[in-house]
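Remarks on the overall topology
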Amino acid sequence: MDGRILRRAYREEFRNLHGTKNLRCALTVAAYVAQIMAAIMVGHLLLSGTLSTLGIAAVVGLMFFIGTRFRGLNNIVHECSHFTFAADRKANGFFGKLACALILKSFAAYRKEHMSHHAHLGDYELDEDFRIIQRFRLEDPLTPRTILRHLVTPLTGVHVPYYCAPNLSGEDGRGWLALKLGLIGATVALAFWAPLTALVMVVAPFVVVYSAINYWTDCIDHGGLFGHEDELWASRNVIVPRWLRFLLFPRNDCYHLIHHLFPTLPSGYLDFAHERLMDHPAYRKRSTGDGALGGFGMAGERAGEAGLADAMPPIPARS
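The notes below deal with the structure included here. These figures come from a predicted structure and were not determined experimentally.

1. A closer look at the pattern of salt bridges
Considering all chains together, one arrives at 11 salt bridges under this definition. Among the ionic pairs, Arg-15 bridges to Glu-12, the shortest N-O distance being 3.0 Å. Of this pair, Arg-15 and Glu-12 both sit in helix H1 (residues 2-15), separated by three residues, roughly a single helical turn. On the accessibility criterion, Arg-15 (48% relative accessible area) is partly exposed.

2. Re helix H7 (residues 144-156)
Here H7 is 13 residues long and its end C-alpha atoms lie 19 Å apart, about the 18 Å a rise of 1.5 Å per residue gives. All of the buried residues along H7 are Thr-146, His-150, Thr-153 and Pro-154. Turning to H7, the residues buried within the fold contact helix H10 (195-222). Among the residues trailing H7, Gly-157 stands out with phi positive, at a value near 85 degrees.

3. Quick look at the nonpolar core
Judged by nonpolar contacts, the single largest core of 40 residues is most densely connected at Phe-70, Leu-73, Ile-76, Phe-95 and Met-201. Looking at this core element by element, the count peaks at nine residues for helix H3 (residues 53-81). If near-sequence neighbours (up to four positions away) are discounted, Met-201 is found in contact with Ala-39, Ile-40, Gly-43, His-44, Leu-47, Val-59, Leu-62, Met-63, Ile-66 and Leu-196. Core analysis: the second largest hydrophobic core is formed by 25 residues, Leu-6, Ile-220, Val-238 and Leu-257 among them.

4. A look at unusual backbone geometry
The phi dihedral of Phe-83 is positive, around 60 degrees, even though this residue is not glycine. Along the chain, Phe-83 turns up in the loop between H3 and helix H4 (89-102). Even without being glycine, Arg-251 reaches a positive phi, approximately 65 degrees. Positionally, Arg-251 belongs in the loop between helix H11 (242-248) and helix H12 (256-261). Exposure remark for Arg-251: the relative accessible area of 24% places this residue in the partly exposed category.

5. Description of the layout of surface pockets
Within this model, the largest pocket holds a volume of roughly 790 Å³. Taken together, 34 residues line the largest pocket, and the ones lying closest to its centre are Asn-74, Lys-105, Tyr-110, Glu-113 and Asp-129. Those elements that place two or more of their residues in the lining of the largest pocket are H3, helix H5 (107-119), helix H6 (128-131), helix H8 (160-163) and H10. Within the lining of the largest pocket, the residues separate by chemical class into 15 nonpolar, 11 polar and eight charged.

6. Looking at the packing of aromatic side chains
Considering all chains together, one arrives at 15 aromatic pairs under this definition. Seen from their ring centres, Phe-14 and Phe-272 are 6.2 Å apart, and the 70 degrees between their planes marks the pair as edge-to-face. Separated by 258 residues along the polypeptide, Phe-14 in helix H1 and Phe-272 in helix H13 (residues 270-277) bring together distant segments of the chain. Residue class for Phe-272 comes out partly exposed when judged on its relative accessible area of 33%.

Definitions and limits used
- Residues numbered from 1 in each chain as written.
- Predicted model: local features only at pLDDT ≥ 70, side-chain atom pairs only at ≥ 80, totals over all residues.
- Heavy atoms only, no water.
- Salt bridge = Lys/Arg side-chain N within 4 Å of Asp/Glu carboxyl O.
- Helix = DSSP H or I, 4+ residues; strand = E, 2+ residues; numbered from the N terminus.
- Buried < 20%, exposed > 50% of the residue type's maximum accessible area, 1.4 Å probe, protein only.
- Expected span 1.5 Å × (residues − 1).
- Contact = heavy atoms within 4.5 Å.
- Core = buried A, V, L, I, M, F, W, Y, C linked by side-chain atoms within 4.5 Å.
- 1 Å grid on protein atoms, 1.4 Å probe; cavity = no way out; pocket = protein on both sides within 12 Å on 5 of 7 lines; lining within 4 Å.
- Points joined across faces, edges and corners; volume = space filled by probe spheres on them.
- Nonpolar A, V, L, I, M, F, W, Y, C, P; charged D, E, K, R; others polar.
- Phe/Tyr/Trp six-rings, centres within 6.5 Å; stacked < 30°, edge-to-face > 60°.

It is worth stressing that arrangement in space is one thing and function is another; only the former is reported here.
Written as structure tokens, this is what we have:
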């Protein structure tokens, strides 16, 4: 299987690539928090005055931006679950719990579910990450109709209970639970002082935008690819320019195929890994490697080389 061949070929080269120092990790988390706070403050100023058409567009843009920053914190949790965010293995637990508290999750629960996702990708019985979203049928082939359904689903809000369920169990520890409750309390206090700001700049970005981004990202990462035993064909990359990646795929989240092939590879090295893997014919066949969207398209897997979809191994029938 090509995925296993790639792992054997590059395992040693990628083995000694580690996460960053604790100070830089702390600054990264702080930067996301600062971006969220700054956007909320700017949004509050806009909402406090008379909104023009341009002002309304700016508020909508800020809502979307805040949602992407929540996604960035989520991706830090993801990296910490693989011990790849910080070079210090123990520090990943701290930063993972911190980032989880900021987005009202449990690091212990997240890591348990996500490890099952890597071990049993796409198996609804064993993949705990995707079991709870089985109703959205991400396994359906990506026909234009299916893509339209995935685009519209977050606009209906039916995904919210599955993608926005705060975990206040306290299983990460009482201190982290206290931080979560403090954030909720601060939001309630803001709602009394500036209800429109709380609703538009905090609740809506978290409940609506952030959850929609998570849903669409799941579709991009694995939609239509369930059932492939070869990991090279069970996930996809979407190669986009760095400026767009900063907004839509924070923390190099666009390289999901590489992540599944090499889950212990820190996100900062995914660009390097992509360039190296392009030297291998099996990986190169799966990707064009550049272009505006580049990488692997979604409809029929035809964004790569001509005829790539025809070369794609068939998905085994489900029993």
